[in-house]
Amino acid sequence: MKIEVLGTGCSKCKTLEEATKQAVAQSGQFAQIEKVEDIMKIMEYGVMSTPALVIDGKVMSTGKVLSVNEIIELIKAH
Amino acid sequence: MWQESVNILVYEWLKMAYGERLSDALNFFIYDTVKILFLLTTIIFAVTLLRSYFSTEKVRVYLSKRHEYTGNILAALFGIITPFCSCSAIPLFLGFLQARIPLGVTFSYLISAPLNNEIAIAMLLTMFGWKVAALYIGFGLLVAIIGGIIIGRLGLEKEILIEVKPLEGELNVDEEKIAFKTRLKDAYDYTLNILQKIWLYVLIGVGAGAFIHGYVPTEFITSIAGGDNPFAVPLATLLGVPMYSNAAGVMPLIEVLTSKGMLMGTALSFMMAITALSLPEAMILKRIMSLKLIAIFFGTVTLGIIGVGYLFNALL
């Protein structure tokens, strides 16, 4: 599983990245986490409000700092 | 009801003398803080809940089918009801252009969205009532619409430093079904988050306001920010720029200043400059726009805001 955190480097994006790391650790699943800061890559996902969370190429959430539990739910649902 | 409770607290429980500067200032401070924090929570919660039904993605689909003028007007209106954060300014800007939305229409949105942010609207409603809030929003829309049309007419497309590839095919947004309960919870979390960020600024703002209320003579304020000073409006606009994102702290100050003789147009210009002209946003936008375009963008908005201030002062 590959999880990407899209964000141009604002504080909210860092918070989401941290929450994602915690969520993956707690979920017990193996996932690769990548922080995407390149604006062109973010645009390719069609995302207009950051931070956004992408799992295996699918945009799961935009413009929101998800809680650790919400991210775990998304990982499980995937 | 609030005023009476505060009176009892200050004059009876704390046994402070009525009509003295210190007790008056303290009374004002407690009353204002409680009132503001309560109303702020309610309004931000309501606005956030309402906004959860509008996303920038939906707005983009809608705007991509419009032309100049109607596009500018709609873009400015959408700026009120969609959430905006300056950290999203770049993806939003490029996303609009990708959808072939004209540059001027995109700018109308980019001017209106930060101007009509939830904290500013909540503070305005709380401190000045709905009439001033409506004037602020109305004149803000005017600046956004006209500013966008002017920028659109200048043919500045080449001033964008990144090549924007238009999106292929039809734009579509998957309609997400979110339960009302989830929306309520999201709005609650968001409101709490905002309050944690701004409560200290509100306290400082009200504290400074209470000080002015009790200690600074009215004549002093009138001479600087009242009708006697013809440069009050541009001065207020320039002063507003470095106060970015501190609408929560500055609005209580403005309330006191207006009660002490600051003209309402000058106050409106000040408020608009605080929300619309943001240096951090300019720094962020520099990554994708030439300095020339940023200067034109900020210059147009500044002139618009100063115009609103003078116009309003002249009318009233």
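These remarks concern the structure in this document. As the structure is a prediction and not an experimental result, all values here were calculated from the model.

Things to note about unusual backbone geometry
Turning to step 1, where the next piece is worked out: For the bond running from A:T50 to A:P51, omega is -5 degrees, close enough to zero to count as cis.
Turning to step 2, where the next piece is worked out: Of note in this structure, B:Y69 is not a glycine but carries a positive phi near 60 degrees.
Turning to step 3, where the next piece is worked out: Note on placement: B:Y69 falls in the loop between α3 (56-63) and α4 (70-81).
Turning to step 4, where the next piece is worked out: Even without being a glycine, B:R100 presents a positive backbone phi close to 60 degrees.
Turning to step 5, where the next piece is worked out: Within the element layout of this structure, B:R100 appears in the loop between α5 (89-98) and α6 (103-115).

Re the packing of helix α7 (residues 118-153) of chain B against helix α12 (residues 264-276) of chain B
Residue and element names in this part refer to chain B.
Turning to step 1, where the next piece is worked out: Here α7 crosses α12 at 90 degrees, and the two axes come no closer than 11 Å. Taken together, the axes of α7 and α12 lie roughly perpendicular to each other. For the pair α7 and α12, the contacting residues are A120, L135, Y136, F139 and G140 in the first and L268, M271, M272 and T275 in the second.
Turning to step 2, where the next piece is worked out: Across the contact of α7 with α12, the residue classes tally to 7 nonpolar, 2 polar and no charged.

Digging into the environment of B:A210
Residue and element names in this part refer to chain B.
Turning to step 1, where the next piece is worked out: With respect to the helices, strands and loops of the structure, A210 is situated in helix α8 (residues 180-215).
Turning to step 2, where the next piece is worked out: Put simply, A210 and L22 are 188 residues apart on the chain and 9.5 Å apart in space, counted from C-alpha to C-alpha.
Turning to step 3, where the next piece is worked out: Once residues lying within four places of it in the same chain are set aside, the contact partners of A210 are A25, F28 and F29.

Details of the pairing of strand β3 (residues 52-55) of chain A
Residues and elements named next belong to chain A.
Turning to step 1, where the next piece is worked out: Relative to β3, strand β1 (residues 2-6) runs antiparallel, the two being bridged by 4 bridges. Paired with L6 across the two strands is A52, which belongs to β3.
Turning to step 2, where the next piece is worked out: Across 4 bridges, the pairing between β3 and strand β4 (residues 58-62) is antiparallel. Opposite V54, over in β4, you have V59 as the bridge partner.
Turning to step 3, where the next piece is worked out: Where β3 folds back onto β4 in an antiparallel hairpin, the turn is made up of 2 residues, including D56, whose phi is positive at roughly 45 degrees.

Analysis parameters
Residues numbered from 1 in each chain as written. Chains lettered and ligands numbered in written order. Predicted model: local features only at pLDDT ≥ 70, side-chain atom pairs only at ≥ 80, totals over all residues. Helix = DSSP H or I, 4+ residues; strand = E, 2+ residues; numbered from the N terminus. Axes fitted to C-alpha atoms, helices over the stretch in contact; angles between N-to-C directions. Parallel < 35°, antiparallel > 145°, perpendicular 65-115°, else oblique. Contact = placed C-beta atoms within 7 Å. Nonpolar A, V, L, I, M, F, W, Y, C, P; charged D, E, K, R; others polar. Pairing = 2+ DSSP bridges.

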